Structure formats: C-alpha cells, structure tokens
Amino acid sequence: MAYTVLVVDDSKTSRKILSDVLTRMGLEVIGEAVNGEEGFLKYKELRPDIVTMDITMPVMNGLESLLLIKHEDENAKVVMITAAGQKNNLMQAVKAGAEEFLTKPLEEDEIRRVIGEITAKIEK
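Just so it is clear, the model here is predicted, and its values are computed rather than measured.

Rules of the game
Residues numbered from 1 in each chain as written. Predicted model: local features only at pLDDT ≥ 70, side-chain atom pairs only at ≥ 80, totals over all residues. Heavy atoms only, no water. Helix = DSSP H or I, 4+ residues; strand = E, 2+ residues; numbered from the N terminus. Buried < 20%, exposed > 50% of the residue type's maximum accessible area, 1.4 Å probe, protein only. Contact = heavy atoms within 4.5 Å. Pairing = 2+ DSSP bridges. Right-handed = clockwise from strand over helix to strand, strands pointing away. Salt bridge = Lys/Arg side-chain N within 4 Å of Asp/Glu carboxyl O. Core = buried A, V, L, I, M, F, W, Y, C linked by side-chain atoms within 4.5 Å.

Asks: Which parts of the structure should I look at to understand the side chain of Ser65?
Replies: By secondary structure assignment, the location of Ser65 is in helix H3 (residues 62-72). The class for Ser65 is buried, based on a relative accessible area of 0%. With near-sequence residues (within four places) excluded, Ser65 lies in contact with Gly36, Gly39, Phe40, Met53 and Met60.

Asks: What is the right way to look at the pairing of strand S4 (residues 77-83) in this model?
Replies: Side-chain direction in a regular strand flips from residue to residue, so the side chains alternate between the two faces of the sheet. Most of S4 is tucked away: six of the seven residues are buried. As paired strands, strand S3 (residues 50-54) and S4 are joined by five bridges and run parallel to one another. When the bridges of S4 are listed, Ile50 appears paired with Lys77. Between S3 and its parallel partner S4, the chain crosses via H3, and the hand of that crossover is right-handed. For S4 and strand S5 (residues 100-104), the ladder comprises five bridges, and the chain directions are parallel. Along S5, the bridge assignment pairs Ala83 with Lys104.

Asks: Where do I start with the pattern of salt bridges in this structure?
Replies: Side chains that carry opposite charge are capable of pairing whenever their charged atoms lie near each other. By the definition in use, this model includes 12 salt bridges. The salt bridge partner of Asp9 is Lys104, with a shortest N-O separation of 3.2 Å. Note that Asp9 is positioned in the loop between strand S1 (4-8) and helix H1 (12-24) and Lys104 in strand S5, a separation of 95 residues in sequence. In this structure, the salt-bridge partner of Arg47 is Asp73, at a minimum N-O distance of 3.9 Å. Taken together, the positions of Arg47 in the loop between helix H2 (36-46) and S3 and Asp73 in the loop between H3 and S4 put the pair 26 residues apart, joining distant regions of the chain. Relative accessible area serves as the criterion here: at 39%, Arg47 is assigned to the partly exposed category. Taken together, the shared-partner salt bridges connect Asp9, Asp54 and Lys104 into one network.

Asks: Quick question: what am I supposed to make of the nonpolar core here?
Replies: In a soluble, globular protein the nonpolar side chains are often hidden away together inside. Membership of the largest hydrophobic core comes to 19 residues, with the highest contact counts inside it found for Met53, Val78 and Met80. The set of elements that each furnish at least two residues to this core consists of S1, H2, S3, H3, S4 and helix H4 (87-96). It is H3 that provides the largest number of residues to this core, a total of three residues. Grouped together as the second largest cluster of nonpolar side chains are 17 residues, Val7, Leu27, Ile50 and Ile118 included.

Below, the structure written as structure tokens:
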C-alpha cells in the first residue's frame, strides 16, 4: 500500500512540484489545501501518513496548523516548507514537533531525500 500525503501550500506551483515528485516516488497525494486552516481540516478528514506544510500562508500559517495537527495526532509526520532565511520559524516548528524541513525553491533531490527518510521510519 502506498503512503498517503496531504500537500498544504498557498502556492499552486509549489503544490504541483510536490505532487509531481511525490507521485513519481510512488506515494499517493490524497489531498491539497491552500492554507493552514484548510490543511488542518483535511488532515482530520483524510488522515494522511505525511503532510507537507508551507509555513507562510494566509488565514492560518503553517506553524499554527502544525500545532493543531500535533494536538489532534501526536504521531503525525509533518514536513515544514520554508523560504530561505526563516530560521526563527524553523526553530518554532522543531519545538512544535515538525518531522523535517524543505526549503524553497523546492528541489526534487531534497524532496526525495526528506520524504524517503520519513517513509523509512513509518511502520505500515
């Protein structure tokens, strides 16, 4: 059974890049969301194995959404996505329980490395 992923990012381009790479890796992208609030609601509905979560989004940012998801499911695997130079946000995300990080601009090799490490840890 393929691992399932929820992609949360307000950038349509970033969602497409992530979805394309994840699909080529053999994972199933079961949903997309354009802000943290929608991401949290879709997490509760879909219960994906992995979430990719942009930090900077409208309505609710990725850090707030991460906190809600971890409150809902402390074992949730959330990969935070950040623009270069957002070190403070990264530190907050680590404290909140983020599993890993990706930096924009997104690079396929890095996506594959990070997601591969997470899938290696998940017992299905």
